[in-house]
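Examining the three-dimensional arrangement
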Amino acid sequence: MFDKKEYRKNYYLKNRDKVLAKSKEWYQGNKEHKAAYDLEYYKNNKERVDERSRKYRNDHPEISLECLRRARAKFPEKDRARHILNYQIEKGEITKSCSCIIEGCDRTDLHGHHNDYNKPLEVDWVCAKHHHEIHTL
Ligand SMILES: [Zn+2]
Ligand SMILES: [Zn+2]
């Protein structure tokens with residue numbers, strides 16, 4: 001006896017494979033298109049994408065280090081400023097402040113924040129939390 005249900009199931013499975021194979025094939029042939037598409041999407045939705053990644057960073061502070069590393073590669077002058085500052089601190093030319101410049105904040109994990117990377121020795125001392133906030137404003 002003809003099993004309609006079984007037939008439908010088999011038809012579905014057969015076509016499912018076909019559909020999957022087809023989309024896989026398309027993907028293989030359009031990998032570059034996909035990258036271009038992503039770039040185009042990013043360009044057109046830059047603000048939305050940036051906003052989303054900012055939110056993501058806030059929700060996942062543990063990832064900010066990796067972001068920092070990437071940002072550093074993008075902004076060598078920033079890296080240079082930090083390097084000079086650290087060197088002067090080690091030499092004792094500059095003393096790390098002992099409190100965050102944000103009023104009422106008592107955190108002690110202080111970072112030197114550069115307002116101008118061309119003046120590597122002029123920094124505001126802020127705690128890690130407020131430093132993160134300054135950069136995500
Ligand atoms: Zn900073
Ligand atoms: Zn603070």
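Residues numbered from 1 in each chain as written. Chains lettered and ligands numbered in written order. Predicted model: local features only at pLDDT ≥ 70, side-chain atom pairs only at ≥ 80, totals over all residues.

**Comments concerning the overall build of the protein chain**
- Helix and strand content of the protein chain: 6 helices and 2 strands.
- Along the chain direction, N to C, the helices and strands of the protein chain fall in the order α-α-α-α-α-β-β-α.
- Expressed as a percentage of its 137 residues, the buried residues of the protein chain come to 7%.
- Sequence-distant contacts in the protein chain: of pairs separated by 6 or more residues, those separated by 24 or more amount to 43%. (Helix = DSSP H or I, 4+ residues; strand = E, 2+ residues; numbered from the N terminus. Buried ≥ 20, exposed ≤ 12 C-beta atoms within 10 Å, placed from the backbone. Contact = placed C-beta atoms within 7 Å.)

**Side note on the confidence of the model for the protein chain**
- Per-residue pLDDT for the protein chain has a mean of 78; in total, 66% of the residues score no lower than 70.
- The secondary-structure element of the protein chain with the lowest mean pLDDT is helix α2 (residues 31-44), recorded at 62, while strand β2 (residues 123-127) shows the highest, at 94. (pLDDT = per-residue confidence, 0-100.)

**A few points about helix α5 (residues 76-91)**
- Between the first and last C-alpha of α5 there are 23 Å, a value that for 16 residues agrees with the 22 Å anticipated at 1.5 Å per step.
- Count one or two residues on from α5 and you reach Gly92, which has phi positive near 90°. (Expected span 1.5 Å × (residues − 1).)

**Quick look at the environment of Glu93**
- Mapped onto the secondary structure, Glu93 falls in the loop between α5 and β1 (110-114).
- For the pair Glu93 and Leu121, spaced 28 residues apart in sequence, the C-alpha separation works out to 9.8 Å.

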